[in-house]
Each structure stands twice: as structure tokens, then as C-alpha cells.
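# Observations on the model geometry
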Amino acid sequence: MSFLPAFMFHFRGWKAAPISEPLTSNRLLATLPCMETSINSLKEALKNAERVAVLTGAGVSAESGVPTFRGADGLWKNYQATELATPEAFAKDPELVWEFYNWRRGLIAQKACNPAHTALTALERLIPDFTLITQNVDGLHLLAGSRHVLEIHGNIWRARCTRCGKETMDRAPDMGRRPTCAACGGLLRPAVVWFGESLDPRILRQAIEAAQQCRIMLVVGTSSVVQPAASLAFTAKSGGAMLAEINLEKTPNSDFMDIVILGKAGEILPRLVEGWA
Ligand code: OAD
């Protein structure tokens, strides 16, 4: 089974689709001034915040060319998550699962950080206590230079031995059909969290603490449908934090947000960090 042709077909379809409404549409004219106010309010709030947590999802890497999971062009529209991203799928057919992950590794290896990643590194330098919680496994936040990053769904460049548990970092775009552990010869698996698996409790605890203690939480480029990540916003809100969402569209969590900015992460985030006195 090859993953490349289906994705390329879909990608061509996306490029051919109409991009947006004309600039003169009533909807856009009504939204723009409001968006400016929201960006300015959020920027002022960030300038006065000692503790900030950011939760990111696949939308942050979308402008780098990494496919998201849901929506018209999402990975889970083209592939069955149950056949590729569950412990049962790996037990049944590890070679198929590795083929999927090798394909994703090869794709991500060609991608670079975008202005959204870079803006978050700038924000980290400006805020005294900053935590970046990401659901992304592509490692692009670390590549951009973010330091305090909690990769709650793991990292696609790491592999874990199914026998001895040893984890290794390997940036090879292709790990082969049945990669094995250098220490014990056991079968390696991607060190990512699959559906039906628990998050690393140590990392999850740190993410919850960051959410409890932050004064502002930015929720960027996530559909907010996967738990427990989606409920971190509620944890932050219960602790008294201001919630701000940046996304192309509304999500199930939008109604709980104090600020919702509809737009591209790579365009909005840089505006939040430009020109701090
Ligand atoms: P999704 O694919 O579910 O959602 C991506 C979100 O990003 C959507 O809400 C889009 O509207 C938004 N988006 C797309 N492009 C954007 C842009 N340029 N700027 C801002 N927003 C944009 O991805 P996640 O929410 O990250 O889990 O998915 C959560 C988890 O589900 C993933 O970590 C993965 C997946 O199954 C595991 O692999 C365990």
C-alpha cells in the first residue's frame, strides 16, 4: 500500500478549490475591524502577563505544508486512523504502520518552520514563565528554537523499543520496514501516542500544571476534539486564565474563549509579538 499518490491527488484538489470569498463580502467587512480590536487586546494582555501557556495543534504546521488530521484535506479523511494509529493496528501489521510513519517522516523532513513557529519562539523570550504544549509530533517547534515544549502526543523522530522500552532519536526519513532496537534487537515503534493509549503521565502532569497556573492560554490551530488536550483550555479557565483561540474556523471550544481570532496562525501570531516596547 502506498500513501503518496492519494495524498498528492487530494492536495491537487485542494489547490484547485476556491480560496475565499471576495474582499468586498459583507462578512469580511464586518469581521475585519473586530479582528483588529481582538489582536490589539490580546497583545496588550500578553504584555502584562507573567505566565502564559500555549496549546498548539496541526494548524500551526499547516502553513509549513504538513497536512492536518481533520477538515477537507485532513489525513484522517484519506486514511483510517484505526488501521494506522492504534496499538492494535501495530500488533496486526507493523510493516503497514511503519510505511505510514516513514511516509510522514519523509514528508515532514522536507518541511521548514513557518512564521507561526517563529513567533512562538519570540513570545517565549518575552514572557517570564512560558510553556508550549503541543499535540504536534513533527518536532517543528523544537526546530524553530522553542525551549519549554511539552510534546504531549510524542515526537515522530523518536522510536521506542517494544521489548526493552529504550527510546532513540533518529531523523532518518525512512526507518525501514521493521526497524529494530540497537540495544536488544526488539521491534521499534514510533514514539507517538496512538488512539486508545494514555499520554505520558509526567508530561501530562506538567501540561495540567501549566494550564492551572497560566494567566493567558492561547489555543492555536487545533480542532479541540481530541482529549485530554482539548480540556486543558477548561483547566486554564477554571484557574482564572484568559482564553484566546486562533484558528481558521470556530471549534467546539470557541464559545468558552474570551477572544476568538479567525485567521492563519502564521499571520496572526507574528502580529502579537511585533513591536513590544
Ligand atoms: P486537526 O486536524 O484536528 O485540526 C487542525 C485545526 O487547525 C483545525 O481546527 C483547522 O481549522 C486549523 N487550521 C488549519 N490551518 C490553520 C492555519 N493556517 N492557522 C490556524 N489554524 C489552522 O488537528 P489537531 O487538533 O492537532 O493525535 O488534532 C489533534 C490530534 O488528533 C493530533 O495530535 C493527532 C490527531 O489524531 C494523535 O496522533 C494522537
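Further up the page is the structure itself.
Residues numbered from 1 in each chain as written. Predicted model: local features only at pLDDT ≥ 70, side-chain atom pairs only at ≥ 80, totals over all residues. Heavy atoms only, no water.

### Section: empty space enclosed by the protein
Rolled over the atoms, a probe as big as a water molecule pinpoints where empty space is left. The final tally for this structure, using the stated rule, is one cavity of 30 Å³ or more. Its boundaries defined by the atoms lining it, the largest cavity holds a volume of some 120 Å³. Lining of the largest cavity is provided by Ala-58, Ser-61, Val-66, Pro-67, Phe-69, Leu-75, Arg-104, Leu-107, Ile-108, Asn-136, Val-137 and Asp-138. Broken down by element, the residue count for the lining of the largest cavity peaks at three residues, all from helix H7 (residues 94-109). Among the residues making up the lining of the largest cavity, the classes are represented as eight nonpolar, two polar and two charged. Of the domains in this structure, domain 1 (21-66 + 113-153 + 199-277) and domain 2 (67-110 + 154-192) are the two that each give at least three residues to the lining of the largest cavity. (1 Å grid on protein atoms, 1.4 Å probe; cavity = no way out; pocket = protein on both sides within 12 Å on 5 of 7 lines; lining within 4 Å. Points joined across faces, edges and corners; volume = space filled by probe spheres on them. Helix = DSSP H or I, 4+ residues; strand = E, 2+ residues; numbered from the N terminus. Nonpolar A, V, L, I, M, F, W, Y, C, P; charged D, E, K, R; others polar. Domains from an automatic or database assignment.)

### Overview of the side chain of Ser-254
Relative to the assigned elements, Ser-254 resides in the loop between strand S8 (242-247) and strand S9 (259-262). Among the polar contacts made by the side chain of Ser-254, one reaches the main-chain amide nitrogen of Thr-251 at a distance of 2.7 Å. Every residue in contact with Ser-254, bar those within four places of it in the chain, is listed here: Glu-245 and Val-260. (Polar contact = N/O pair within 3.5 Å; in protein donor to acceptor, adjacent residues only side chain to side chain. Contact = heavy atoms within 4.5 Å.)

### So, the site of the ligand
Among the 23 residues in the neighbourhood of the ligand, the closest are listed as Phe-69, Arg-70, Thr-222, Ser-223 and Asn-247. A distance of 2.8 Å separates an oxygen atom of the ligand from a polar backbone atom of Ala-58. Contact distances for the ligand include 2.7 Å between a nitrogen atom and a side-chain N or O atom of Glu-63. Considered on its own, the ligand offers 790 Å² of accessible surface; in the complex 93% of this is hidden by protein. For the shell around the ligand, a count of residues per class yields nine nonpolar, 10 polar and four charged. (Near = heavy atom within 4 Å. Areas by Shrake-Rupley, 256 points an atom, 1.4 Å probe, with all protein chains shown as cover.)

### Some thoughts on the nonpolar core
Counting 31 residues, the largest nonpolar core has Leu-42, Val-54, Leu-123, Leu-218 and Leu-269 as the members making the most contacts within it. Among the secondary structure elements, those contributing two or more residues to this core are helix H2 (26-47), strand S1 (51-56), helix H8 (115-126), strand S2 (129-134), strand S7 (216-220), S8, S9 and helix H12 (265-273). Sequence-distant contacts of Leu-269, defined by excluding residues within four places in its chain, comprise Ala-116, Ala-119, Leu-120, Leu-218, Val-220 and Ile-246. With 29 residues, the next largest nonpolar core counts Phe-90, Tyr-101, Leu-140 and Val-192 among its residues. (Core = buried A, V, L, I, M, F, W, Y, C linked by side-chain atoms within 4.5 Å. Buried < 20%, exposed > 50% of the residue type's maximum accessible area, 1.4 Å probe, protein only.)

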